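Chain by chain, the residues:
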Amino acid sequence: MAQRTGLSVHTLRLYERKGLLASDVRRDASGRRVYSVWDVEWLANCVKFRASGMPLTTIGRLARLVREGDGNEVERLRLLREHRRRVTEQLAQLRDCLDLIDTKVTSYERHLAAGAAGDPWQPQAPPDEHRVA
């Protein structure tokens, strides 16, 4: 399971202890955990939820609702919409940051292509002939 999901064994056990799995983990006769295809899919979703900044407590609430079965879809949707709102805000902030970086890259590229020296963002000192002593 660790190889399939990219999660460490430690993280898998943590997720199990914190109730983040959408189904109960079964064990074979030797006591080893046996995961279903659904478990793999759920954990792959959890990896993406975490990568998007979803807190473990929210994943846990969502997992609990899934385990409870039908009838709580409105609550699941509410959790997902709230997280979507946060991710959308983060994306807007990141786009703003990317715009700044793109502006800086373009400026440096033009500056260097023109053979200019120095920092293109610093005001240039006036020529000596225009200085007043």
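Put simply, helix H4 (residues 56–68) and helix H5 (residues 73–113) touch, their axes get as near as 10 Å, and they point 160° apart. Judged by the angle between their axes, H4 and H5 are roughly antiparallel. Read as a crossing pair, H4 and H5 show a hand that is left-handed. On the side of H4, the interface is formed by Thr58, Arg61, Leu62, Leu65 and Val66, while H5 contributes Glu75, Arg76, Leu79 and Leu80. Of the residues belonging to the contact of H4 with H5, the class tally is 5 nonpolar, 1 polar and 3 charged.

Before going further, it helps to spend a moment on the packing of aromatic side chains. Ring pairs (aromatic) are described by centroid distance and by the angle formed between their planes. A complete count under the given rule lists 2 aromatic pairs for this structure. With centroids separated by 6.0 Å and ring planes inclined at 45°, the aromatic side chains of Trp38 and Trp42 adopt a geometry described as tilted. Of the two residues, Trp38 and Trp42 are both situated in helix H3 (residues 37–51); the distance of 4 residues between them amounts to about one turn of the helix. Note on Trp42: relative accessible area 5%, which makes it buried. Ring centres of Trp42 and Phe49 lie 6.5 Å apart, and the angle between their planes is 75°; on these two criteria the pair is classed as edge-to-face. Comparing Trp42 with Phe49, the two get one shared label, buried. Here the aromatic residues Trp38, Trp42 and Phe49 are joined through ring pairs into a cluster of three or more.

Another aspect to go through is the pattern of salt bridges. All told, the structure shown has 8 salt bridges when counted by the stated rule. Glu16 is the salt-bridge partner of Arg27, the closest N and O atoms lying 3.7 Å from each other. Pair noted here: Arg27 is in strand S1 (residues 26–27) and Glu16 is in helix H2 (residues 9–17), with a separation of 11 residues, a long-range link. We classify Glu16 as partly exposed; its relative accessible area is 24%. For Arg85, the salt bridge goes to Glu89, with nearest N and O atoms at 2.5 Å. Taken together, the residues span about one helical turn, with Arg85 and Glu89 both in helix H5 at a distance of 4 residues. Salt bridges sharing partners connect three or more residues here, namely Glu82, Arg85, Arg86 and Glu89.

Where H3 contacts H4, the axes come no closer than 10 Å and their chain directions differ by 150°. The angle between H3 and H4 places the two elements in the roughly antiparallel class. The hand of the H3/H4 crossing is right-handed. Contact with H3, carried on its side by Trp38, Trp42, Cys46, Phe49 and Arg50, involves Leu56, Ile59, Leu62, Ala63 and Val66 of H4 and no other residues of that element. For the contact of H3 with H4, the per-class residue count stands at 9 nonpolar, no polar and 1 charged.

What counts, and at which threshold
Residues numbered from 1 in each chain as written. Predicted model: local features only at pLDDT ≥ 70, side-chain atom pairs only at ≥ 80, totals over all residues. Heavy atoms only, no water. Axes fitted to C-alpha atoms, helices over the stretch in contact; angles between N-to-C directions. Helix = DSSP H or I, 4+ residues; strand = E, 2+ residues; numbered from the N terminus. Parallel < 35°, antiparallel > 145°, perpendicular 65-115°, else oblique. Left-handed = near helix turned anticlockwise from the far one by under 90°. Contact = heavy atoms within 4.5 Å. Nonpolar A, V, L, I, M, F, W, Y, C, P; charged D, E, K, R; others polar. Phe/Tyr/Trp six-rings, centres within 6.5 Å; stacked < 30°, edge-to-face > 60°. Buried < 20%, exposed > 50% of the residue type's maximum accessible area, 1.4 Å probe, protein only. Salt bridge = Lys/Arg side-chain N within 4 Å of Asp/Glu carboxyl O.

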